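# Overview (structure and organization)
Read off the chains here:
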Amino acid sequence: MNISLKKILAQFVFFILCLSTIFLDTPKGLCADENENRSVQLEDKISSIKQSAIAETKTTSELIELLKQRAFLKIKKRKKERLLRLEIFASASSGYETNVNNDSSNKGDIFNTQFAMISWKPTFTRWFGLNTNVLSFNQLYSDFTDSNYLFSSVSTAARLYPFYQGRIRLEPGIGYETLWYPLSSDSSYNNLKYFLNTKTFFSSEWNSDLNFEYSVKEYDAKKARNPSGVKQEFVRQDERYALEAGLSRNIGRYIITLEGKASRNSSNDLLQDLNDYYAFESSLTIAGLFLEDNRLYIAFTPNFERKNYKERQAIFMAEYDDRYNYRLSMYYTLTKNYTLSYRFDYWSLDSNNPLSEYKNIINQIGISARF
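Quick caveat: nothing in here was measured; it's all calculated off a predicted structure. (Residues numbered from 1 in each chain as written. Predicted model: local features only at pLDDT ≥ 70, side-chain atom pairs only at ≥ 80, totals over all residues. Heavy atoms only, no water.)

A word on the overall build of the protein chain. Helix and strand counts for the protein chain stand at 4 helices and 14 strands. Put simply, the protein chain has 371 residues, and 45% of those count as buried. Partitioning the intrachain contacts of the protein chain with sequence separation of at least 6 by distance along the chain shows that 59% fall at a separation of at least 24. Summed over its atoms, the accessible surface of the protein chain is roughly 18,800 Å², and 62% of this surface lies on carbon and sulfur atoms. (Helix = DSSP H or I, 4+ residues; strand = E, 2+ residues; numbered from the N terminus. Buried < 20%, exposed > 50% of the residue type's maximum accessible area, 1.4 Å probe, protein only. Contact = heavy atoms within 4.5 Å. Areas by Shrake-Rupley, 256 points an atom, 1.4 Å probe, with all protein chains shown as cover.)

The next subject is the environment of Thr 178. With respect to the helices and strands, Thr 178 occurs in strand S5 (residues 168-180). Sequence separation between Thr 178 and Glu 218 is 40 residues; the distance between their C-alpha atoms is 9.6 Å. Ignoring any residue separated from it by four or fewer positions in sequence, one finds Thr 178 in contact with Leu 150, Phe 151, Ser 152, Tyr 189 and Asn 190.

Turning next to unusual backbone geometry. Although it is not a glycine, Asn 106 sits at a positive phi angle of roughly 50°. When you line up the elements, Asn 106 lands in the loop between strand S1 (87-97) and strand S2 (109-120). Given the relative accessible area of 49%, Asn 106 is considered partly exposed. Positive phi, normally seen in glycine, also occurs at Asn 294, with a value near 60°. Tracing the backbone through its elements, the reader meets Asn 294 in the loop between strand S10 (277-290) and strand S11 (296-313).

With that settled, the discussion passes to the environment of Ile 255. One can find Ile 255 in strand S9 (residues 254-267). Along the chain, Ile 255 and Trp 206 lie 49 residues apart, while their C-alpha atoms are 9.8 Å from each other.

As structure tokens, this is what we get:
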């Protein structure tokens, strides 16, 4: 039996099970609501795009200088000399997305994106500094106007170097995020998070990260539901715990980074605990500088995430999703302050719930400036 036939049979069985819930006295939530799946997947997509945009700020002049110098102490010294300086990063890009809603419609759209971030990273003493960031990320679609959104965040963290030569850096901090959909208020939310980021420099070639985060997400309008599906007077809230670890190795012009992340999400929406899950994510990034003057930076990142839902039912068992993402990023430095960029993303989600599955391809080009 070929794969396509198996998939058709699985979808047919899933349809029969869902149809039976209409005529039989079956607990609500046996078949996860498609809107819930879309909501989760779109939030995951935005989170990944946000992380990619923030990572872009590290791939221009700062990253190039890091690869050239191979000395974290020089970077620390340079930041101390520029105690009052603000770093400003801004970018504008356009692209095409083949499946904006991450669903079976497979309808694409053109989009425009604007991103801006202001950072202040002073080092007051050899033991203490700050890392403060304010950023805003806006995405506008041509036809899917209800998918337009504005993401903003502010965060501040103390930078602590508890040991000699600063080989270990600790960053305890707090952040506040908002995601606003002008035409889809049920999807808008704010998120308060507390985090502890650590970085260890084993040598000029080896370093590692270990990060912990606790966050509370509160939706603006989406109401929590009781076990029977009745909407409550209070809005939905999610608590999330995440632990992330990474290891990087510099080899000449190249950087290889291996990362892993485990997280748990718990919601006050009690309808079959549809939004309670555990997730495990891993990625490998291979990046390098090319051309004689190191103007071209290329990074390839395959990523895999398994999400196991606690109670959300699919076919005969709780739902699980396997998400694959392959990203190719290219940055070409025009001048000291300006960079051209291109990003390709391929998304694919396999699930034991056929309603959750999708494929999506994003091509995006842009220009960024750092001052």
